[in-house]
Amino acid sequence: MCNISVTKKHSKDEVLKVREYLWGDGDDKILEENSFNPYDIILVSDCVLPKLFPMDTLVDSIKTMSGPHSVTYLSYEDRYYPEYNAKERFMELANEKGLEVRIVRKEEMDETYQCSDIEIWEVSWK
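Residues numbered from 1 in each chain as written. Predicted model: local features only at pLDDT ≥ 70, side-chain atom pairs only at ≥ 80, totals over all residues. Heavy atoms only, no water.

1. Points about unusual backbone geometry
Point 1. The residue Asp 46 is not glycine, and still its phi comes out positive at about 55°.
Point 2. Along the polypeptide, Asp 46 turns up in the loop between strand S1 (41-45) and helix H3 (55-65).
Point 3. Looking at Asp 46, the relative accessible area reads 37%, which means it is partly exposed. (Helix = DSSP H or I, 4+ residues; strand = E, 2+ residues; numbered from the N terminus. Buried < 20%, exposed > 50% of the residue type's maximum accessible area, 1.4 Å probe, protein only.)

Written out as structure tokens, the structure reads:
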């Protein structure tokens, strides 16, 4: 919450709303609050883990919380999962929900923040 407090101090003319959210849990409640508007930017880190988190509800939540002008950034580390390829499955689920996934090229990123086994995905509405 410290980052939020600092940001609010420097954003006097803008309204910032931040809240905890567990995907798939309470979508209806968030949508009803104050005539919900889609988020401009959604950040998802280290959450494409089929052993721990259901990907279908993650994709559903990205679609629910975003809009035609939103962009979602995900960090993805390729990990072995015996039942299916998590990257391919996420792409399939996103496509079924009308979302487009683009892998951000290394040339677009600062060298300091690159890691050979982690990709950044940019997700937006088709």
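Back to the write-up after that little detour.
2. Focus on helix H4 (residues 86-96)
Point 1. Along H4, the positions that sit buried rather than exposed are Ala 86, Phe 90, Leu 93 and Ala 94. For H4, the angular spread of the buried residues around the axis is 100°, confining them to a single face. Away from the buried face of H4 by more than 90 degrees, exposed residues Glu 88 and Glu 96 are located.
Point 2. Taken together, the buried residues of H4 touch H3, strand S2 (71-77), strand S3 (99-103) and strand S4 (118-125).
Point 3. Where H4 begins, the capping side chain belongs to Asn 85, and its oxygen is found 3.0 Å from the backbone nitrogen of Lys 87.
Point 4. Gly 98, located one to two residues past H4, shows a positive phi value of around 80°. (Arc of directions from axis to C-beta. Contact = heavy atoms within 4.5 Å. Polar contact = N/O pair within 3.5 Å; in protein donor to acceptor, adjacent residues only side chain to side chain.)

3. Examining the pairing of S1
Point 1. Here S1 shows one buried face, formed by Ile 42 and Val 44, and one open face, formed by Ile 41, Leu 43 and Ser 45.
Point 2. Direction of pairing for S1 relative to S2: parallel, over a ladder of five bridges. Residue pairing for S2: Ile 41 is matched across the bridge by Val 71.
Point 3. Traced from S1 through H3 to S2, the parallel crossover comes out right-handed. (Pairing = 2+ DSSP bridges. Right-handed = clockwise from strand over helix to strand, strands pointing away.)

4. Concerning the packing of H3 against H4
Point 1. Direction vectors running N to C along H3 and H4 enclose 40°, while the axes themselves pass 10 Å from each other. By the angle between their directions, the pair H3 and H4 is classed as oblique. At the point where H3 passes H4, the crossing takes the right-handed sense. On H4, the residues touching Met 55, Asp 56, Leu 58, Val 59 and Ile 62 of H3 are Ala 86, Arg 89, Phe 90, Leu 93 and Ala 94. (Axes fitted to C-alpha atoms, helices over the stretch in contact; angles between N-to-C directions. Parallel < 35°, antiparallel > 145°, perpendicular 65-115°, else oblique. Left-handed = near helix turned anticlockwise from the far one by under 90°.)

5. A short note on H3
Point 1. Along H3, the residues classified as buried are Met 55, Leu 58, Val 59, Ser 61, Ile 62 and Met 65. Buried residues of H3, viewed axially, fall in a sector of 160°; they line one side.

6. Things to note about the pattern of salt bridges
Point 1. Here the structure, examined in full by the defined rule, presents nine salt bridges.
Point 2. With a shortest N-O distance of 3.0 Å, Glu 119 and Lys 87 are connected by a salt bridge. In this pair, Glu 119 sits in strand S4 while Lys 87 sits in helix H4, placing the two residues 32 residues apart along the sequence.
Point 3. Judged by relative accessible area, which is 23%, Glu 119 ranks as partly exposed.
Point 4. Members of the salt-bridge network, linked through shared partners, are Arg 102, Arg 105, Glu 107, Glu 108 and Glu 122. (Salt bridge = Lys/Arg side-chain N within 4 Å of Asp/Glu carboxyl O.)

7. Focus: the side chain of Thr 72
Point 1. Inspection of the secondary structure puts Thr 72 in strand S2.
Point 2. In contact with Thr 72, not counting residues within four places along its chain, are Ile 42, Val 44, Ile 62, Trp 121, Glu 122 and Val 123.

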